[in-house]
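# Observations on the three-dimensional arrangement
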Amino acid sequence: DVSSPKHGKVDPDNMPHVGGNTWAGGTGGRDTAGLGGKGGPYRLDAGHKVYQISQAEKDAVPEEVKRAAREMGEKAFKQRLKEIRMSEYDASTYERFSGAVRRQVQSLRIILDNLQ
């Protein structure tokens, strides 16, 4: 079961973590920032293979946990904008321009990775 969202512990060795309720950047777990899990405050990619839980499990997260996770995620987003000296307007403008070329940039990254 989910209880309350949190960032989670940072693994100094960046080992892959699947499931559980401890590590930041893990996959398929609960309550912590990561990918493919449920109840975490925001997505956090540590560069490992993503294990996805079912949509039914995600839908079963209580509304108060979802609300707390959204609030924590928004607070972290605003803090990050402050750290990089970017306003919310700047972020939305960046996202608008970035989104328009996202597929082309991804294609170019694949091409460059293959050339290396």
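What counts as what
- Residues numbered from 1 in each chain as written.
- Predicted model: local features only at pLDDT ≥ 70, side-chain atom pairs only at ≥ 80, totals over all residues.
- Heavy atoms only, no water.
- Helix = DSSP H or I, 4+ residues; strand = E, 2+ residues; numbered from the N terminus.
- Contact = heavy atoms within 4.5 Å.
- Areas by Shrake-Rupley, 256 points an atom, 1.4 Å probe, with all protein chains shown as cover.
- Bend = angle between axes of the 7 residues up to and from the residue.
- Buried < 20%, exposed > 50% of the residue type's maximum accessible area, 1.4 Å probe, protein only.
- Domains from an automatic or database assignment.
- Patch = residues over 30% accessible without salt bridge, like charges linked within 9 Å, V, L, I, M, F, W, Y side chains within 5 Å.
- Salt bridge = Lys/Arg side-chain N within 4 Å of Asp/Glu carboxyl O.

If you look the protein chain up in an unreviewed UniProt entry, it shows as VWA8 protein from Penelope pileata.

## Points about the overall build of the protein chain
Of the regular secondary structure elements, the protein chain holds three helices and two strands. Tracing the protein chain from N to C terminus, the helices and strands come up as β-β-α-α-α. Overall, the C-alpha framework of the protein chain stretches about 40 × 35 × 30 Å when taken along its three principal axes. Partitioning the intrachain contacts of the protein chain with sequence separation of at least 6 by distance along the chain shows that 36% fall at a separation of at least 24. Surface exposure of the protein chain reaches about 8,600 Å², of which carbon and sulfur atoms provide 53%.

## Considerations on helix H3 (residues 88-115)
The sharpest bend along H3 reaches about 55 degrees and sits at Arg-102. Of all the residues in H3, the buried ones are Ala-91, Thr-93 and Ser-98.

## So, unusual backbone geometry
Not every positive phi belongs to a glycine, and Asp-31 is a case in point at roughly 70 degrees. Within the secondary structure, Asp-31 is located in the loop between strand E1 (26-27) and strand E2 (34-35). Positive phi values are uncommon outside glycine, yet Arg-85 reaches one of about 55 degrees. Here Arg-85 shows up in the loop between helix H2 (63-83) and H3.

## Some points on the domain arrangement of the protein chain
Here the protein chain is described as being made up of domain 1 (1-85) and domain 2 (87-115). For domain 1 and domain 2, the distance between their C-alpha centres works out to 23 Å.

## Structural notes on a nonpolar patch on the surface
There is a patch of nonpolar side chains on the surface, built from Leu-108, Ile-111, Leu-112 and Leu-115 and spanning about 420 Å² of accessible area. Along the polypeptide, Ile-111 turns up in helix H3.

## Points about the environment of Val-18
Mapped onto the fold, Val-18 is located in the segment before E1. Along the backbone, Val-18 and Tyr-51 are 33 residues apart, and their C-alpha atoms lie at a distance of 7.0 Å. With residues up to four places along the chain from it excluded, the contact list for Val-18 reads Thr-27 and Tyr-51.

## Here's the deal with the pattern of salt bridges
Following the criterion strictly, the structure yields six salt bridges and no others. Close ionic contact of Arg-70 with Glu-63 constitutes a salt bridge, the shortest N to O distance being 3.1 Å. Taking relative accessible area as the criterion, Arg-70 reaches 49% and is therefore assigned partly exposed. Across the pair Arg-80 and Glu-83 runs a salt bridge whose closest N-O atoms are separated by 3.2 Å. Within this pair, Arg-80 and its partner Glu-83 are both found in helix H2, separated by three residues, close to a single helical turn.

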